[in-house]
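# An overview of the molecular structure
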2 protein chains.
Amino acid sequence: MTDFEFDAALAIVGEPGGARATLGEGWTVGPAVNGGILMALAGEAARAAVTGAGGHGDVLVLSAHFLSAALPGPARLDTEVLRAGRSTSTAQVSVRQAAGDAPDDPADSERMRALVTLGDLARHAQPVHRSTAPPHMPPPERCIRADRSLGGEFARGITMLDRVDLRLDPDTVGWAVGRPSGRGELRAWVRFADGREPDPLALLYFVDGLPPVSFDLGAQGWAPTIELTAHLRAYPAPGWLQVRVRSANVAGGLYEEDAELWDADGRLVAQSRQLAGLRMPGAA
Amino acid sequence: MTDFEFDAALAIVGEPGGARATLGEGWTVGPAVNGGILMALAGEAARAAVTGAGGHGDVLVLSAHFLSAALPGPARLDTEVLRAGRSTSTAQVSVRQAAGDAPDDPADSERMRALVTLGDLARHAQPVHRSTAPPHMPPPERCIRADRSLGGEFARGITMLDRVDLRLDPDTVGWAVGRPSGRGELRAWVRFADGREPDPLALLYFVDGLPPVSFDLGAQGWAPTIELTAHLRAYPAPGWLQVRVRSANVAGGLYEEDAELWDADGRLVAQSRQLAGLRMPGAA
């Protein structure tokens, strides 16, 4: 164990089948625990269950469907190993909170269900035939650090902003001062504030760690994730991660958000797509 | 019921919990049943289970993890409704074949597990704020119809090519004559050969209905899908669907394949991303 806050957030006690974790007050967006933390927890639970069954240790792809808002407090992680194969293994993870786990929630509730396929990321690192190049961005020291004062009342409830060093490209923060660009793109550098280096589980958190790209489209309020699938493509090098999130299809209160993450060597290490809800200005 | 072959392929008998279907000889790629058919079946099973529980009837997003190759023959569809909510409902579907269902397969095997979130697509059709424009392509009559003679020995085993009218953009079929472009992009028009019009379940099939984009990168052989997630964004208009598949990240024997589908009105109706395996020329 380490003293890093992200590792503490992923601490799981008990055996697969009866594993438990504590969803922390420090990783919330308003009242709810961030979905990226739930995905990283599911990745860790899948890893523990699959390696226990003789399978693989690295998440290659995780698909999460979000069922209800997770609240700070105890949670149960139910894991089922579907396959422990030669080149990949697959597990299912359910994150649940029971009545009383979260004081405001009266019923037993499943928060998220995920399918996770694992393999050996080191084996898939080389050779690189094609790789998306990172966007041109000012260096972190010339970007704008996101903190809980940026973006008005809402941002004050985003406790996880205290745990990350998130530097937004100045070209993509007009929304914070009432001037969204309308392009549907945010770019940022990101790392943990306490110096923990990124690893595959951290990538599962960071793919959902930026403000919603809908802010850049002029949409108001938070954008609840319905589903998010992340592909992890390589172990990240130590240092900053570079993130670009974009949306090209916004209709009828739904949009997709595509995230790409590059490591400090400029290697694409993860990509994700989520389907999320939003309320556009003027919408009924 | 109709006489259309796709509807016959999706015929499910029995109640959710004990539902069964027959995976047809007519939808194979070599010995295996196409993954898009499994996804459409899972979508239909989820729809039946969720509407039976008072939930929603349209697939919004389906995430499928593929566990073993499905073979023609009987299959079981185990469905669990996770949530029947106000705006969305979520179900899990497992496609299994038991020992003896497929003559060549000696053991009970799970073929695919999927998480499916459903809603009301009509409610999400309008207004359209942003939509990816379809690519410029020659009309279907100036494209190249894919049949089992195109692409050599391998294509002769793709029985589903008899059931679709697939017209490849001539600019993206160099691979069929040994000259892949290396761009990682295929474009095509597609519809069912028997005149069945597209609907959301058909979109789940068509997102995986083209040759693998890895052919355009010079990769040999089939590209097994590890995971595929599809977002359905609108009911398709009758007529041709336009499809573009691309891959930008190919490394260590894995690549992503992104598909976009537009209907005859030029509306983006579906998009998908899959993680798949491939063997590049010269790879060990």
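Presented here is a report on the structure given in the accompanying data block. (Residues numbered from 1 in each chain as written. Chains lettered and ligands numbered in written order. Predicted model: local features only at pLDDT ≥ 70, side-chain atom pairs only at ≥ 80, totals over all residues. Heavy atoms only, no water.)

### Things to note about the overall build of chain A
Looking only at helices and strands, chain A has 3 helices and 16 strands in total. A compact globule built from 284 residues should have a C-alpha radius of gyration of about 19 Å, and chain A, at 18 Å, falls within 12% of that. For chain A, the share of sequence-separated contacts (at least 6 apart) that also reach a separation of at least 24 residues comes to 70%. In the form shown here, chain A has an accessible surface area of approximately 10,500 Å², with 51% of it arising from carbon and sulfur atoms. Across chain A, the centroid of the 27 positively charged side chains sits 5 Å from that of the 35 negatively charged ones. (Helix = DSSP H or I, 4+ residues; strand = E, 2+ residues; numbered from the N terminus. Rg over C-alpha atoms; globule rule 2.2 N^0.38 Å. Contact = heavy atoms within 4.5 Å. Areas by Shrake-Rupley, 256 points an atom, 1.4 Å probe, with all protein chains shown as cover. Lys, Arg positive; Asp, Glu negative; His and termini not counted. Charge placed at Lys NZ, Arg CZ, Asp CG, Glu CD.)

### Some points on the pattern of salt bridges
Counted according to the given criterion, the structure contains 42 salt bridges over all chains. In this structure, Asp 171 of chain A engages Arg 187 of chain A in a salt bridge whose closest nitrogen and oxygen atoms are separated by 3.0 Å. Separated by 16 residues along the polypeptide, Asp 171 of chain A in the loop between β10 (164–168) and β11 (185–192) and Arg 187 of chain A in strand β11 bring together distant segments of the chain. Under the relative-accessibility criterion, Arg 187 of chain A is labelled buried at 11%. When salt bridges with common partners are traced through the structure, they connect Arg 76, Asp 78, Arg 96, Glu 110 and Arg 113 of chain A together with Glu 80 of chain B into a single cluster. (Salt bridge = Lys/Arg side-chain N within 4 Å of Asp/Glu carboxyl O. Buried < 20%, exposed > 50% of the residue type's maximum accessible area, 1.4 Å probe, protein only.)

### A closer look at the side chain of His 124 of chain B
Residue position: His 124 of chain B is located in the loop between β7 (109–119) and β8 (128–130). Note on His 124 of chain B: relative accessible area 7%, which makes it buried. Side-chain polar atoms of His 124 of chain B contact the backbone oxygen of Gly 252 of chain A, separated by 2.8 Å. In this structure His 124 of chain B touches Ala 251, Gly 252 and Leu 254 of chain A together with Leu 60, Arg 233 and Arg 267 of chain B, once residues within four positions along its chain are discounted. (Polar contact = N/O pair within 3.5 Å; in protein donor to acceptor, adjacent residues only side chain to side chain.)

### Here we look at the packing of aromatic side chains
Using the criterion set out here, one finds 16 aromatic pairs over all chains in the structure. Plain terms: the ring middles of Tyr 205 of chain A and Phe 206 of chain A are 5.3 Å apart, the flat faces sit at 55° to each other, and that makes the pair tilted. Ring geometry for Phe 6 of chain B versus Tyr 205 of chain B: centroids 5.9 Å apart, planes at 45°, classification tilted. In this pair, Phe 6 of chain B is assigned in helix α1 (residues 5–9) and Tyr 205 of chain B in helix α3 (residues 200–206), connecting sequence segments 199 residues apart. (Phe/Tyr/Trp six-rings, centres within 6.5 Å; stacked < 30°, edge-to-face > 60°.)

### Some thoughts on the relation of the copies chain B and chain A
When chain B is brought onto chain A, the operation consists of a screw motion whose angular component is 180° and whose axial shift is 0.0 Å, with 0.0 Å RMSD remaining. Expressed as a symmetry operation, the mapping of one chain copy onto the other fits a two-fold axis. Distance from the rotation axis, computed per C-alpha, reaches its smallest value in chain B at Ser 63 of chain B: 3.2 Å. (Least-squares fit on C-alpha atoms with pLDDT ≥ 70 in both.)

### Focus on the interface of chain B and chain A
Contacts between chain B and chain A engage 53 residues on the former and 53 residues on the latter. Taking both partners together, chain B and chain A bury about 4,400 Å²; carbon and sulfur atoms supply 53% of that area. Where chain B meets chain A, there are 4 salt bridges. Residues Glu 256 of chain A and Arg 233 of chain B are paired through a salt bridge, measuring 3.7 Å at the closest nitrogen-oxygen approach. Where chain B touches chain A, the interface holds 40 residue pairs in polar contact (both at pLDDT 80 or more). (Buried area = accessible area lost by both parts, 1.4 Å probe.)

### Examining the side chain of Thr 117 of chain B
For Thr 117 of chain B, the location among the structural elements is in strand β7. Within polar-contact distance, the side chain of Thr 117 of chain B engages the side chain of His 65 of chain A at 2.8 Å. If we ignore the near neighbours within four places in the chain, the residues touching Thr 117 of chain B are His 65 and Ile 226 of chain A together with Asp 58, Val 59, Leu 60, Val 61, Thr 88, Ser 89 and Thr 90 of chain B.

### A word on unusual backbone geometry
What is expected of a backbone is that most residues other than glycine have negative phi and most peptide bonds are trans. For the bond from Gln 126 of chain A to Pro 127 of chain A, the omega torsion is -10°, close enough to zero to count as cis. Along the chain, the position of Pro 127 of chain A falls in the loop between β7 (109–119) and β8 (128–130).

### Side note on helix α2 (residues 35–52) of chain A
Residue and element names in this part refer to chain A. The first and last C-alpha atoms of α2 sit 26 Å apart over 18 residues, in line with the 26 Å expected at 1.5 Å per residue. In terms of residue burial, α2 counts as a mostly covered element, since 14 of its 18 residues are buried. For α2, the side-chain oxygen to backbone nitrogen distance between the N-cap and Gly 36 is 2.8 Å, and the N-cap itself is Asn 34. (Expected span 1.5 Å × (residues − 1).)

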